[in-house]
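Structural characterization, general
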Amino acid sequence: MTKPLGRVVCDITISADGYAAGLNQTEQRPFGDDGGDGSGAALHAWMFDTPDENRAEIDRLNTAGAFIMGRNMFGPVRGEWDRPWNGWWGGDPPFHAPVFVLTHHPREPQPMEGGTTYHFVTDGIASALARAREAAGDAGVTVLGGATTVNQYLAAGLIDELRLHIVPLTLGAGTRLFEGVPPLRLEQVTSRAASRVTHLTYRVLT
């Protein structure tokens, strides 16, 4: 009997008008014109300024057996890997599990402290998911982002559950969740409002 696979979850913070990052992203301003200093602090204030109020949502962020992220989320290096870069999260990233980074440029796996190893996948989203599922077993896979990567998985019908954290600000332009994604049927599972965010969980119906 085939062992059931764990769920594929998306967990992402967006503005009230659906953007996960603003325009004009740079290494110094990775979230671009994000309503603040470009660090994402305005979008993610619910995590860092009011963590006790959002403890349940924060605690489940990094509980998957494996993670997937796009090259842009991993860092600002574009094209060939022409300089050392091991993510925004320092020597001991918060994932403590395999992380599969989508890229067009090959690179050897990069082990980090705390159990995180970055694996660089050059043959597409389906391959990254297959490898992440194999690594995760029944613990499940989380697609972290950015929004462009999430949109590819949504468009391909590969996301089981959407966990959205909607913050009370608008960006007007940038990288938008659901951009280019065909219409979806969603079932609301949970909703909870806090002072700086509303947490919504949807099951993606087939």
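Note: the structure precedes this text.
Residues numbered from 1 in each chain as written. Predicted model: local features only at pLDDT ≥ 70, side-chain atom pairs only at ≥ 80, totals over all residues. Heavy atoms only, no water.

A few points about the nonpolar core
Just so we agree on the cut-off: In this text, buried Ala, Val, Leu, Ile, Met, Phe, Trp, Tyr and Cys residues form a nonpolar core when linked through side-chain atoms within 4.5 Å. Each residue gets one of three labels from its accessible area relative to the maximum for its type: buried under 20%, exposed over 50%, partly exposed in between, using a 1.4 Å probe on protein chains only. Helical segments are the DSSP runs of H or I of at least four residues, strand segments are the runs of E of at least two, and each set is numbered from the N terminus. What makes two residues a contact is simply this: any of their non-hydrogen atoms within 4.5 Å.
Counting residues in hydrophobic clusters, the biggest one holds 29 residues, and the most contacted among them are Ile12, Ile68, Tyr153, Ile159 and Leu162. Per-element accounting of this core gives the leading share, five residues, to helix 4 (residues 125-136). Dropping the residues within four chain positions of it, Leu162 is found in contact with Cys10, Leu154, Phe178, Leu186, Leu200, Thr201, Tyr202 and Val204. Ala64, Phe74, Val77 and Val99 belong to the second largest nonpolar core, which has 15 residues in total.

Quick word on helix 5 (residues 147-155)
Considered for burial, the residues of helix 5 that qualify are Ala147, Thr149, Val150, Asn151, Tyr153 and Leu154. Of the residues trailing helix 5, Gly157 is marked for its positive phi of about 70 degrees.

Details of the environment of Ala139
Looking at the secondary structure, you find Ala139 in the loop between helix 4 and strand 7 (141-145). Dropping the residues within four chain positions of it, Ala139 is found in contact with Ala64 and Gly65.

Regarding the sheet that holds strand 8 (residues 161-167)
For clarity, the threshold we go by: One requirement defines pairing of two strands: DSSP has to find at least two bridges between them.
One open sheet holds the nine strands; their spatial order is 5-6-4-3-7-1-8-11-10, and the pairing between them is mixed. Two strands bound the open sheet, and with one partner strand each, they are strand 5 (110-111) and strand 10 (185-193). Across four bridges, strand 3 (residues 66-70) lies against strand 7 in parallel orientation. By the bridge assignment for strand 7, Phe67 is matched with Thr142.

A short note on the environment of Val99
You can see Val99 is positioned in strand 4 (residues 98-102). With relative accessibility at 0%, the residue Val99 sits in the buried group. On a C-alpha basis, the gap between Val99 and Ala56 in space is 22 Å, while along the polypeptide they are 43 residues apart. For Val99, the contacting residues outside a window of four places in its chain are Phe67, Met69, Thr116, Thr117, Tyr118 and His119.

Details of the pattern of salt bridges
Put simply, the rule reads: The rule for a salt bridge is simple: a side-chain nitrogen of Lys or Arg has to be within 4 Å of a carboxyl oxygen of Asp or Glu.
Taken as a whole and judged by the stated rule, the model has 10 salt bridges. Note that Asp59 is salt-bridged to Arg55, the shortest N-O span being 3.5 Å. You can see Asp59 and its partner Arg55 sitting in helix 2 (residues 55-59), four residues apart, about one turn around the helix. Across the pair Glu161 and Arg163 runs a salt bridge whose closest N-O atoms are separated by 2.8 Å.

Describing the side chain of Asn54
Mapping Asn54 onto the fold places it in the loop between helix 1 (45-48) and helix 2. Residue Asn54 is classed as buried on the basis of its relative accessible area, which comes to 0%. What Asn54 contacts, discounting residues up to four positions off in sequence, is Trp46, Arg192, Ala194, Val197 and His199.

What about the pairing of strand 4?
The buried fraction of strand 4 is high, at four of five residues. Sheet topology note: the strand 3/strand 4 ladder contains four bridges and is parallel. Paired with Gly70 across the strands is Leu102, a residue of strand 4.

A look at helix 4
As a reminder, the rule being used: A helix is expected to span 1.5 Å for every residue after the first.
With 12 residues, helix 4 extends 16 Å from end C-alpha to end C-alpha; this agrees with the ideal 16 Å at 1.5 Å per step. Residues of helix 4 that are buried include every one of Ile125, Ser127, Ala128, Leu129, Ala132 and Ala136, and no others. Where helix 4 is buried, its residues meet strand 1 (8-15), strand 3, strand 4, strand 6 (117-121), strand 7 and helix 5. Backbone geometry just after helix 4 places Gly137 at a positive phi near 60 degrees.

Points about the packing of aromatic side chains
What counts, and what does not: Paired rings are identified among Phe, Tyr and Trp, the last through its six-membered ring, by centres lying within 6.5 Å, and are further divided according to the angle between planes into stacked (under 30 degrees), edge-to-face (over 60) and tilted (the rest).
Counted according to the given criterion, the structure contains seven aromatic pairs. Summarising the aromatic geometry, the rings of Trp81 and Phe120 are spaced 5.2 Å apart at their centres and angled 65 degrees between planes, so their arrangement reads as edge-to-face. Pair noted here: Trp81 is in the loop between helix 3 (71-74) and strand 4 and Phe120 is in strand 6, with a separation of 39 residues, a long-range link. Note on accessibility: Trp81 and Phe120 belong to one class, buried. Three or more aromatic residues joined by ring pairs form one cluster here, namely Phe74, Trp81, Tyr118 and Phe120.

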